[in-house]
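Residue-level structural notes
So the chains spell out like this:
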Amino acid sequence: MILLAALSLCPKVRGTHPDCSVVLQFQKREAECLERIRSESQTPALPGQGGCPTDWDGVSCWPALPLGQSRAVACPDIMNVFKKSKGLIQRNCTEWGWSLPSPPYHSSCQLETLSSNNDTEAKARHFVTMKVLYTCGYSTSLAALLLAVGIFSCFRKLHCTRNSIHIHFFTSFILRGTAVFIKDGVLFSDESINHCTMSTVTCKAAIAFFQYSVLANFYWLLVEGLYLQTLLLLTFTCDRSYTWGYILMGWGVPMVTVGVWVLTRLHYDDHGCWDDYSSPYWWVIKAPILLAIFVNFLIFLNVTRMLAQKIRCPDLSKTHKQQYMRLTKSTLLLIPLFGVHYVVFALFPEHVGVNARLYFELVLGSYQGFLVALLYCFLNGEVQAEIRRNWGKWQRSMESNVFNLATQDFTA
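Since we're looking at a predicted model, the values are computed, not measured.

The rules behind these values
Residues numbered from 1 in each chain as written. Predicted model: local features only at pLDDT ≥ 70, side-chain atom pairs only at ≥ 80, totals over all residues. Heavy atoms only, no water. Phe/Tyr/Trp six-rings, centres within 6.5 Å; stacked < 30°, edge-to-face > 60°. Helix = DSSP H or I, 4+ residues; strand = E, 2+ residues; numbered from the N terminus. Buried < 20%, exposed > 50% of the residue type's maximum accessible area, 1.4 Å probe, protein only. Lys NZ or Arg CZ within 6 Å of the ring centre and 35° of its normal. Disulfide = S-S within 2.5 Å. UniProt positions renumbered as here; feature names shortened; annotations may be inferred. Axes fitted to C-alpha atoms, helices over the stretch in contact; angles between N-to-C directions. Parallel < 35°, antiparallel > 145°, perpendicular 65-115°, else oblique. Left-handed = near helix turned anticlockwise from the far one by under 90°. Contact = heavy atoms within 4.5 Å. Nonpolar A, V, L, I, M, F, W, Y, C, P; charged D, E, K, R; others polar. Pairing = 2+ DSSP bridges.

On to the packing of aromatic side chains, then. By the definition in use, this model includes eleven aromatic pairs. Between the aromatic rings of Tyr268 and Tyr281, the centroid separation amounts to 6.1 Å while the plane-to-plane angle is 20 degrees, which identifies the pairing as stacked. Here Tyr268 is found in helix α7 (residues 242-268), whereas its partner Tyr281 is found in the loop between α7 and α8 (283-312), with 13 residues between them in sequence. Among the residues examined, Tyr281 registers a relative accessible area of 27% and is labelled partly exposed. Members of the aromatic cluster, joined through ring pairs, are Tyr134, Tyr138 and Phe181. Over the aromatic face of Trp283 sits the side chain of Lys286, whose NZ or CZ is 5.0 Å from the ring centroid.

Next comes the structure, spelled out in structure tokens:
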């Protein structure tokens, strides 16, 4: 009943939740107890030595005990299940084996008050609403990003190093949105399967792909920051030799990191679906993300400082000053782009501020791709001018074709 109550609280919008860690704690305690039982079974018993072997009763592990003796254990210290209680549970070693726990767990150990049906239904509606919101957000972002990539790819005059980096950046957002849909489809497609304990190759591959897309997104955020700083340092000229370095950083670093993480989980922590952020090996993913966040934050401060210095320069012409002002406004708008808002939650444990974190990472984060496409493509003056030029060219071509057809009909 305890496990079922814990499982019923697991939400359906994220792979890891504090309530799921309850199940993982029970599994860990059971695995340790079964390993102890297995090692004791391999050790031959001494003559005349009897009693009750080590036993797992589903909640606690009872060490081996001689016949006729008794043992008492405290209430298990399991988060979100038992309140801190001084109650003891006792079992005796009899001729027929271990006796039943006395008093029973439910009377000796006070359970945390579970949510009422109304609260449970309200939470379910809350998570369903949140899932609808981030599904709409990622769908909108994917549509906008695919259109932006098409625009940059189709118009030849937009082919340059800057827009090439933008395309890679858009692609990382596309991968991230796709990975979210894949993860939801794998983990939550079947309501009869408990995602807190499922462990399949498919779900592990989905989580690995999700982690890669998240890492790639953060590192292309970093590349955009580095590129903007390079533009300012090199007076708005950028050597093409940097492009391959950017590509290796944006795609290569996440690939190596996720590869190391996958090998680590396979060899040392291959349980569940690899979506438990309480695992110490989660730092293999989290540390590079934190590094990218804080380096990008420093770049943002440095870019803002350089722009402020250039704008204050008395020798600067009015035209250049307006150009720098536009860059300053763009930079201030790109605070979410640089991932500065992630700094708020970067150093907090995963179980702190879960609701706020879910809103930032799922709901608001789902529209980040749309914001990027809007700032870098749809509101880009160069892109708008190229679209207007090609639209006018197409209209003139259509008018010319209509005139030629009319002339041919008249002469015929």
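Following the structure, the description resumes.
On to the state of the cysteines. All told, the structure shown has three disulfides when counted by the stated rule. At a sulfur-sulfur separation of 2.1 Å, the disulfide partner of Cys33 is Cys61. Every disulfide takes its handedness from the sign of the S-S torsion; for Cys33 and Cys61 that torsion is 75 degrees, giving right-handed. Of the two residues, Cys33 sits in helix α2 (residues 18-41) while Cys61 sits in strand β2 (residues 61-62), which places them 28 residues apart along the sequence. On the basis of relative accessibility, which here comes to 2%, the residue Cys33 falls in the buried class. For Cys61, a relative accessible area of 24% puts it in the partly exposed group. Note that Cys52 is cross-linked by a disulfide to Cys93, the S-S spacing being 2.2 Å. Across the S-S bond of Cys52 and Cys93 the torsion is about 100 degrees, and the bridge reads as right-handed. With a gap of 41 residues between them, Cys52 in the loop between α2 and β1 (55-56) and Cys93 in strand β4 (residues 88-94) connect regions that are remote in the sequence. Overall, the relative accessible area of 3% leaves Cys52 in the buried class.

This brings us to the UniProt feature "transmembrane region" (unreviewed entry) in the chain. As recorded in UniProt, the sites labelled "transmembrane region" (unreviewed entry) are residues 132-153, 165-182, 218-236, 243-263, 283-303, 324-347 and 359-379. End C-alpha atoms of residues 283-303 are separated by 29 Å, and the span's content is 100% helix alongside 0% strand.

As a packed pair, helix α5 (residues 161-188) and helix α12 (residues 368-378) sit with axes 10 Å apart at the nearest point and diverge in direction by 160 degrees. On the basis of the axis angle, α5 is roughly antiparallel to α12. Handedness of the α5/α12 crossing: left-handed. In contact with His166, Phe169, Phe170 and Phe173 of α5, α12 contributes Gln368, Gly369, Val372, Ala373 and Tyr376. Its residues placed into classes, the contact of α5 with α12 shows six nonpolar, three polar and no charged.

Looking now at the pairing of β4. Burial along β4 is one-sided: the residues Ile89, Arg91 and Cys93 are buried and none of Leu88, Gln90, Asn92 and Thr94 is. Bridging between strand β3 (residues 70-74) and β4 involves five bridges; their strand directions are antiparallel. By the bridge assignment for β4, Ser70 is matched with Asn92. Pairing analysis gives two bridges linking β4 to strand β5 (residues 97-98), with the strands arranged antiparallel. Of the residues in β5, the one forming a bridge with Thr94 is Gly97. The hairpin formed by β4 and β5 contains two residues between the paired strands.

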